[in-house]
Amino acid sequence: MFTKEDAQKILEKNNQGHVLKYFDILSDEQKNDFLRQIENINWDDIKMIGGNTASERGKFTVPPAISIDEINASRQKYEEAGIKAIKNGEVAAVLLAGGMGTRLGFDLPKGCFNVGLTRELYIFECLINNLMDVVKKTASFIPLYVMTSEKNDEATRKFFAEHDYFGYDKSYVQFFIQDMACAVDYDGKLLLEEKGRLATSPNGNGGWFTSMVKAGLDADLKKRGVKWINIFAVDNVLQRIADPVFVGAAILGNFVSASKVVRKVEPHEKMGLLCLEDNKPSIVEYYEMSEQMAEAKAEDGSLLYKYGVILNYLFSVDKLIDIVNNSLTVHVVEKKIPFINDEGEKINPETPNGYKFELLVLDMIHMMDNNLAFEVEREKEFAPIKNLHGTDSVDSARELLKKNNVAL
């Protein structure tokens, strides 16, 4: 059992003795929770402060890709291969749903937001409905793992239960909490968000598989015979999940990973682009692209680097298990971090005041042997909800849902 003395020893060894300042005034339950947090601190992250975490990018080239026209020409054989894999229980899905609806003016998990106009239609419900299309086509339920966060886990589980899992077989649904990473100030000192609680945040969208393993769900994957995992983000209400055509294209092409992509509408659109970097699959962010790269043209006159990722990826489980044993790159990110000061007062900074540590799914892509860019139609599969109004908003998603004959 991890005790106060153990905590004191490890904190003082790492020059973090201030963390226990309020320990003695906590309740027994608060003390136990706090000690659990301290025991799980990843000290390697904090040692990165002051180091150079930026790395030079390699040589970019065009990735292997199949366009919508090419997919349609081979649709039947891809779909047959995907349906076979799903019927054999080889495909699972992971919903990344750790966020809250704060930017939507909403204090529940983002997936609980109602996008309906004349009826209730929740973001979670839209996603389950999309997955149910595959269930009906294959007569097979797909294991669904929902990644929550410390902040929204209880509310998410309760919401699914209250709505009877939106008609999904609940024996195929499991929840797990994303690992949290500590936050530090510019001197590398751990911040407290309240007396007896470290300031933490989810460890980035690349932390989903390590979090699954920590929750023991790798054993469940093995028991079920899952060979492929389709991960997807909570905020795209139109995306197709465990799409048999997508799965089949990856299997028949001998790929270990695949990415659903949409064609850029203009050279400098703000989205990550799939490419090869030193012949390895990679994602280059729009702000990392030179003007020359962004505007380069292919022989047919289209953009050379034209495929933007939409956070809908397919991974081979064998390859995931292989890379989870290799450390993913930890990104140190400047953020505004609420904390309590030396007088115990709560401070909500207006400018960045420290660092958070994140793992990114783009690094997982780069650790794959290969990756297939699988083009989908924007208006049919890409309706992200980032804001309440404007671009990528509730308003724009509602318009796209209507175009796809979804009753609101």
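As shown above, the structure is provided for reference.
The text that follows walks through the structure, step by step, so that each part is easy to find. Keep in mind it's a predicted model, so treat the numbers as computed, not measured.

Here we take up the overall build of the chain. The number of helices and strands found in the chain is 15 helices and 20 strands. Over its C-alpha trace the chain gives a radius of gyration of 22 Å, about what one expects of a compact globule, namely 22 Å for 408 residues. Projected onto the principal axes, the alpha-carbon positions of the chain cover approximately 70 × 50 × 45 Å. Expressed as a percentage of contacts within the chain between residues at least 6 apart in sequence, the contacts between residues at least 24 apart total 75%. Per element, the accessible surface of the chain, about 19700 Å² overall, is 47% carbon and sulfur. Positive and negative side-chain charges in the chain, numbering 49 and 62 respectively, have mean positions lying 3 Å apart.

Further remarks concern the nonpolar core. If you look at soluble globular proteins, the nonpolar side chains tend to sit buried side by side. Leu95, Phe124, Ile142, Leu144 and Tyr168 are the most contacted members of the largest nonpolar core, which has 72 residues in total. Top contributing element to this core by residue count: helix α6 (residues 123-138), with nine residues. Apart from the residues within four sequence positions on either side, Ile142 is in contact with Ile86, Val91, Ala92, Ala93, Leu131, Val134, Val135, Tyr168, Tyr172 and Ala242. Counting 60 residues, the second-largest nonpolar core is a separate cluster that includes Leu11, Tyr22, Tyr145 and Leu198.

A separate point is the environment of His331. Among the secondary structure elements, His331 is positioned in strand β16 (residues 331-335). A polar side-chain atom of His331 sits 2.5 Å from a polar atom in the side chain of Asp363.

Scanning the model with the defined rule gives 19 aromatic pairs in all. Taking the centre distance of 5.8 Å and the plane angle of 55° together, the rings of Phe160 and Tyr165 count as tilted. Accessibility classification places Phe160 together with Tyr165 in one group, the buried group. Linked through ring pairs, Tyr122, Phe124, Phe159, Phe160, Tyr165, Phe166 and Phe175 together constitute an aromatic cluster.

On to unusual backbone geometry, then. One non-glycine residue, Phe166, lies in the positive phi region at around 55°. Considering the arrangement of structural elements, one finds Phe166 in the loop between α7 (153-162) and β5 (173-177). Using a relative accessible area of 12% as the deciding quantity, one classes Phe166 as buried. Positive phi values are uncommon outside glycine, yet Asn405 reaches one of about 65°. Here Asn405 lies in the segment after α15 (394-403). Judged by relative accessible area, which is 72%, Asn405 ranks as exposed.

Attention shifts here to α6. With 16 residues, α6 ought to run about 22 Å at 1.5 Å a step, and its terminal C-alpha atoms sit 24 Å apart, in line with that. Of all 16 residues in α6, twelve are buried, a share of seventy percent or more. Among all positions of α6, only Ile123, Phe124, Glu125, Cys126, Leu127, Ile128, Asn130, Leu131, Met132, Val134, Val135 and Thr138 are buried. The inward-facing, buried residues of α6 abut α5 (75-87), β3 (91-96), β4 (144-148), α7, β11 (228-233) and α10 (244-252). Ala139, located one to two residues past α6, shows a positive phi value of around 55°.

A word on the pattern of salt bridges. Under the criterion given, the structure shown has 22 salt bridges. Asp24 serves as the salt-bridge partner of Lys4, at 3.0 Å between the closest nitrogen and oxygen. Here the residue Lys4 occupies a position in helix α1 (residues 4-13), and Asp24 occupies one in the loop between α1 and α2 (28-39), the gap between them amounting to 20 residues. With relative accessibility at 24%, the residue Lys4 sits in the partly exposed group.

Cut-offs used in this document
Here the residue index of a chain counts from 1 through its sequence in written order. In keeping with the model being predicted, local features are shown solely for residues with a pLDDT of at least 70 and side-chain atom pairs are shown and tallied solely at 80 or more, while totals for entire chains, interfaces and linings include all residues. Where side-chain values are given, they derive from all heavy atoms of the structure, hydrogens and water being excluded. The way it works is that DSSP assigns letters per residue, a run of H or I at least four long becomes a helix, a run of E at least two long becomes a strand, and they are numbered from the N terminus. Here the globule rule reads 2.2 Å times residues to the power 0.38, and the radius of gyration is calculated from C-alpha atoms. We call two residues in contact when some of their heavy atoms are within 4.5 Å. Values of accessible area rely on a 1.4 Å probe in the Shrake-Rupley scheme; residue burial ignores everything except the protein chains shown. Asp and Glu are treated as the negative residues and Lys and Arg as the positive ones, with His and the ends of the chain left uncounted. Every charge is mapped to an atom, namely NZ of Lys, CZ of Arg, CG of Asp or CD of Glu. Residues enter a nonpolar core if they are buried and are Ala, Val, Leu, Ile, Met, Phe, Trp, Tyr or Cys, with the set joined through side-chain atoms within 4.5 Å. Accessible area is worked out with a 1.4 Å probe on protein chains only. A residue is then buried under 20% of its type maximum, exposed over 50%, and partly exposed in between. Any N or O atom pair separated by 3.5 Å or less is treated as a polar contact, with the protein-specific requirement of one donor-capable and one acceptor-capable atom, and with residues adjacent in sequence counted only for side-chain atom pairs. To pair, rings of Phe, Tyr and Trp, with the six-membered ring standing in for Trp, must have centres within 6.5 Å; the planes then decide the type, stacked if under 30 degrees apart, edge-to-face if over 60, and tilted in the middle. Multiplying 1.5 Å by the helix residue count minus one yields the expected span of that helix. One speaks of a salt bridge when a side-chain nitrogen belonging to Lys or Arg is within 4 Å of a carboxyl oxygen belonging to Asp or Glu.

Bear in mind that shape data such as this cannot, by itself, settle questions of function.
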